[in-house]
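So the chains spell out like this:
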Amino acid sequence: MKFTPTFRQLAIWLSLSWLAVFVLVPHLLVLVTSFLTADPSNLAVWPLSLDAYARLWDPVYAGVLIDSLYLSLMATLCCLLVGYPFAFVLSRFSPGVRAVCLFLMIIPFWTNSLIRTYALKMLMGNKGLFNDTLLALGIIDAPIRMIYTEFAVIFGLTYILLPFMVLPLMASFDRLDRSLLEAARDLGANAWQRFWRIIVPLTMPGIIAGCLIVFLPAMGMFYVADLLGGARNLLLGNLIKNQFLVVRDWPFGSAASVALIVLMAVLLWAYFQANRRVSRRGGLEDENLT
Amino acid sequence: MSEASAVVQLSSVTKRFEQQEVLREFSLSIHDGEFFTILGPSGCGKTTILRLIAGFEHADSGQVIIDGTDVSTLGAEKRSVNTVFQSYALFPHLTVFENVAFGLRMARVARTEIESRVKEVLEMVQLGDFAQRRPEQLSGGQRQRVAIARAVVNRPKVLLLDESLSALDYQLRLKMQSELKHLQRQLGITFVYVTHDQEEALSMSDRILVMHQGQPQQVGTPRQIYESPRNLFVASFIGETNVLNAKILRALDDYRYEAELEGRYQRIIHADRRYQPGDDVHVLLRPEDLRIEYLRDAGDKPGFVGEVKDRNYTGRTLDSIIELPDGLQLRSSEFFDEDDPDFDYSINERVWVDWVHGWEHVIPAENLNR
């Protein structure tokens, strides 16, 4: 046995330890904390209890969960409505033009999303650029209230998460064989029928993947709701943040975190399960062929 | 060509792709019920012709007429023609049944009629038991049949096939060739088939159009194209040909001339049109038109004497290359004669060569650099 680690082994160990220190350990800490007892002066103390989880069933929190699901769903829908045509048009461009467009879309990513949210807050204020422009153009007579509304939160989430929708959709459109559209046309399908019967079913994997990776993080983006939504439009992320930083009830904050993670895990599990069932069915029938 | 029976007509069609002219003032007439093949090397414009008929491309000028109606401005979805694509383009998310039913559903045919028509056509292509399979679970030949079924179920006026057999292996291709031909007779639909494979074209077609660089070279039956090519391109693209340069010396009668071949051999040639003394012509000889004999058997019969440079046993034939003293090489292909099993030559052996008189084909000379 050789003790000189190759570069490959080094890389694997480095990333494993990174994951262990910064992902596994914090999650375990959260999990353990969620089973402790709340104590205002020491944050969380023994003994173990299920108290925090019991409180999750309080209707107040159910309300937050439903609001949060609603805001995230709306943001996901907006991302899909904007991202789908965008990805479709982009996939028709030549590779050069496409690279430039993708680059332009990714540039804002180099700026921290918190800072971009602050920027949005300025733009959407009563004396912000949006209102000023609309007033100057004479489209409105008085400033519209944008900031601290449900609309602002959905707008902010959509803006920040849009690239996560576009990228998997692009991949789906890339795999879409153009000759299938010609074949459908040849068989008498008009543009509408080609869209619903060929394009949508064949890009469905991209649609589902895009929706999942927009929907799941959207529920946790507390700073968007904080900065743009005011006190009334809460995400699950806000609830959790408040428990840790304001109420200082760490066990309950941890329990809410665990609940959010479990919810996400269930959704992901359902997605992979559905995927596997599709491919397994194909596999079984393949065996019957021989 | 009778215009009345033309089911597809292109008249003076010009098509450009970004300044590059693919077709110029191109006209074509395809008869109702025939198996028509457009044959040519890649880039000759044959696929463009097919796409113009299908409606995927529109002519910059000129007309496309299908079944007596000018469809020049209609899109593919509104034309009564269907296409079998080179890659088949089967819908991967639909079953075989739904693939075949697609066109009927678009045409809002009644549910019960769809059921019976799809079943009928799947039986016809021997895929009755595969209706619930998905395309990825089929072999290449089966996919090919689904693609054909999906097109013919709509009872199109014309079926367009774009190099539809080129993805199959050799054995399957031969089988599908005869199936296609059979299907075409059975359905009575006009088939327009595009290919670069001259053997395929010869074996399936009623008529062939040979294309080269956007220009039609010759239209005719496989026999006309093979035996009486109109120019050197057709002659060399369809099968192998020996080309001899010749000058007409004098006419013996309307179709027989004394000519000087390659500047040194005075021979009598048969032509299918009139030439004047002094005209330059090409004499085209197919490899199977040539006869080779041992020098001792030939005696002093008129003919060429040359050296065997190469011989190649193909199973059915013995193919040889004979080089004449001036360096000209003739390719010959002889069938085996069961009565003469010894028949073989050694490399560099001097032999006598001549062609079967009357089998040569004479065309006017073209400028060519040889």
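Within each chain, residues carry numbers counting from 1 in the order of the written sequence. By the order in which they are written, chains take letters starting at A while ligands take numbers starting at 1. Side-chain atom pairs in this predicted model are given and counted only at pLDDT of 80 or more, local residue features only at pLDDT of at least 70, and totals for whole chains, interfaces and linings cover all residues. Note that water and hydrogens are dropped before the side-chain values are worked out from all heavy atoms of the structure.

## Focus: the overall build of chain B
Runs of E in the DSSP output that reach at least two residues are strands. Runs of H or I that reach at least four are helices, and both are numbered from the N terminus. When helices and strands are tallied, chain B shows nine helices and 20 strands. Based on the C-alpha atoms only, the size of chain B along its principal axes is roughly 80 × 50 × 35 Å. Buried, partly exposed and exposed residues are distinguished by accessible area as a fraction of the type maximum, computed with a 1.4 Å probe on protein chains only: under 20%, between the cut-offs, and over 50%, respectively. For chain B, the proportion of its 370 residues judged to be buried stands at 51%. When checking whether two residues touch, look at their non-hydrogen atoms; a contact exists if any pair is within 4.5 Å. Once local pairs closer than 6 in sequence are excluded, the contacts in chain B between residues at least 24 apart make up 65%. In short, Shrake-Rupley with a 1.4 Å probe defines the accessible areas, and a residue's cover is counted only from the protein chains shown. Surface exposure of chain B reaches about 17,700 Å², of which carbon and sulfur atoms provide 45%. Positive: Lys, Arg. Negative: Asp, Glu. His and the chain ends are not part of the count. To locate a charge, take atom NZ for lysine, CZ for arginine, CG for aspartate or CD for glutamate. A distance of 7 Å separates the average location of the 43 positive side-chain charges in chain B from that of its 57 negative side-chain charges.

## A few points about the environment of A:Leu202
Among the secondary structure elements, A:Leu202 is positioned in helix 9 (residues 191-218). Residues A:Leu202 and A:Asp177, 25 residues apart in the sequence, show an inter-C-alpha distance of 9.4 Å.

## Observations regarding the confidence of the model for chain B
When pLDDT drops low, the exact placement of atoms in the prediction is not to be read closely. The predicted model of chain B has a mean per-residue pLDDT of 87, with 96% of residues at 70 or higher. The ipTM, which scores confidence in the relative placement of chains, is 0.80 for this predicted complex, and the corresponding pTM is 0.78. Values of pLDDT, ranging from 0 to 100, describe the predictor's confidence in every residue of the model.

## Here's the deal with the packing of helix 10 (residues 222-229) of chain A against helix 11 (residues 236-245) of chain A
Residue and element names in this part refer to chain A. Axis lines are fitted through C-alpha atoms, for helices just across the contact stretch, and the angle between N-to-C directions can take any value from 0 to 180 degrees. In contact at an axis separation of 7 Å, helix 10 and helix 11 are set at 95° when each is read in the N-to-C sense. In terms of axis orientation, helix 10 runs roughly perpendicular to helix 11. Residues Phe-222, Ala-225 and Asp-226 of helix 10 touch helix 11, and the partners they reach there are Gly-237, Asn-238 and Lys-241. Counted by class, the contact of helix 10 with helix 11 contains two nonpolar, two polar and two charged residues. Any angle that is under 35 degrees is reported as roughly parallel, and any over 145 degrees as roughly antiparallel; angles of 65 to 115 degrees are reported as roughly perpendicular and all others as oblique. Residue polarity follows a fixed list, in which Ala, Val, Leu, Ile, Met, Phe, Trp, Tyr, Cys and Pro are nonpolar, Asp, Glu, Lys and Arg are charged, and the others, Gly among them, are polar.

## Focus on the sheet that holds strand 19 (residues 350-355) of chain B
Sheets are built from strands that pair by backbone hydrogen bonding, the pairs being arranged parallel or antiparallel. Residues and elements named next belong to chain B. On the basis of which strands lie adjacent, the open sheet formed by five strands has the order 15-19-16-17-18 and antiparallel pairing. The sheet is open, and its two edges are formed by strand 15 (290-294) and strand 18 (329-335), each paired on a single side. Going across the sheet, the axis of each strand differs from the next one's by a mean of 45°, ignoring polarity. One requirement defines pairing of two strands: DSSP has to find at least two bridges between them. Where strand 17 (residues 317-323) meets strand 18, seven bridges bridge the pair, whose relative direction is antiparallel. Residue pairing in the sheet places Leu-318 in a bridge with Glu-334 of strand 18.

## Overview of a nonpolar patch on the surface
All names here are of chain A. Within this analysis, patches are made of residues with over 30% relative accessible area and no salt bridge. Like charges are joined at 9 Å or less; nonpolar side chains (Val, Leu, Ile, Met, Phe, Trp, Tyr) at 5 Å or less. Take a side-chain nitrogen of Lys or Arg and a carboxyl oxygen of Asp or Glu: if they are within 4 Å of each other, that pair is a salt bridge. Among the surface-exposed residues, Val-100, Phe-103, Leu-104, Ile-106, Ile-107, Phe-109, Trp-110, Phe-164, Leu-167 and Ile-213 lie close enough to one another that they form a single nonpolar patch of about 920 Å² accessible area. For the nonpolar patch, the secondary structure elements donating two or more residues are helix 4 (95-106) and helix 7 (150-175). The element that contributes the greatest number of residues to the nonpolar patch is helix 4, accounting for four residues. Residue placement: Leu-104 occurs in helix 4. Leu-104 sits in the exposed class, given a relative accessible area of 54%.

## Concerning the domain arrangement of chain B
Residue and element names in this part refer to chain B. Boundaries of every domain are those given by an automatic assignment or by a domain database. Each domain of chain B was delimited in the assignment, giving domain 1 (3-236) and domain 2 (240-364). For domain 1 and domain 2, the distance between their C-alpha centroids amounts to 39 Å. Listed per partner, the contact involves ten residues of domain 1 and eight residues of domain 2. What counts as buried area is the accessible surface, traced by a 1.4 Å probe, that two parts surrender upon association, with contributions from both included. In total, domain 1 and domain 2 occlude about 720 Å² of area from one another, counting both sides; carbon and sulfur atoms represent 54% of this. A per-residue breakdown of the area domain 1 buries against domain 2 is headed by Tyr-226, Leu-232 and Ala-235, which together make up 62% of the total. Polar contacts here mean pairs of N or O atoms no more than 3.5 Å apart (in protein, one a potential hydrogen donor and the other a potential acceptor; neighbouring residues in sequence count only if both atoms are side-chain atoms). On inspection of domain 1 and its partner domain 2, the count reaches five residue pairs in polar contact (both at pLDDT 80 or more). Looking at the side of domain 1 that touches domain 2, the elements that each hand over two or more residues are helix 7 (222-227) and helix 8 (232-237). For the side of domain 1 that touches domain 2, the residue count by class is five nonpolar, three polar and two charged.

## A few points about the pattern of salt bridges
Residue and element names in this part refer to chain B. By the definition in use, this model includes 27 salt bridges over all chains. Residues Lys-46 and Glu-163 are paired through a salt bridge, measuring 3.6 Å at the closest nitrogen-oxygen approach. Taken together, the residues Lys-46 in helix 1 (residues 46-54) and Glu-163 in the loop between strand 7 (158-162) and helix 5 (170-187) connect sequence positions 117 residues apart. Classification of Lys-46 as buried rests on a relative accessible area of 4%. Glu-163 sits in the buried class, given a relative accessible area of 9%.

## A word on the layout of surface pockets
Where empty space is left can be seen by rolling a probe of water-molecule size over the atoms. Residue and element names in this part refer to chain B. The definitions used throughout rest on a 1 Å grid laid over the protein atoms alone, on which a cavity is an enclosed set of points accommodating a 1.4 Å probe that cannot get out and a pocket is an open set flanked by protein within 12 Å on both sides along at least five of seven lines; lining residues are those having an atom within 4 Å of a point. Grid points are joined across faces, edges and corners, and a volume is the space filled by probe spheres set on the points. Within this model, the second largest pocket holds a volume of roughly 620 Å³. What lines the second largest pocket is a set of 21 residues, among which Tyr-226, Glu-240, Glu-288, Asp-319 and Ser-333 lie closest to the centre. The residue inventory of the lining of the second largest pocket, partitioned by class, reads six nonpolar, seven polar and eight charged.

## Notes on the side chain of B:Thr190
Residue and element names in this part refer to chain B. Within the secondary structure, Thr-190 is located in strand 8 (residues 190-195). At a separation of 3.4 Å, a polar atom in the side chain of Thr-190 contacts the side chain of Asp-32. Within the structure, Thr-190 has its side chain in polar contact with the backbone nitrogen of Gly-33 (distance 2.8 Å). The contact partners of Thr-190, leaving out residues within four places of it in the chain, are Val-7, Ile-30, His-31, Asp-32, Gly-33, Glu-34, Lys-157, Val-158 and Leu-159.

## Here we look at helix 10 of chain A
A turn of α-helix holds 3.6 residues, and therefore any two residues three or four places apart point the same way. Residue and element names in this part refer to chain A. Counted residue by residue, helix 10 has six buried out of eight residues, so it is predominantly covered. For helix 10, the set of buried residues is Tyr-223, Val-224, Ala-225, Leu-227, Leu-228 and Gly-229. Looking one or two places after helix 10, you find Gly-230, whose phi comes out positive at around 70°.

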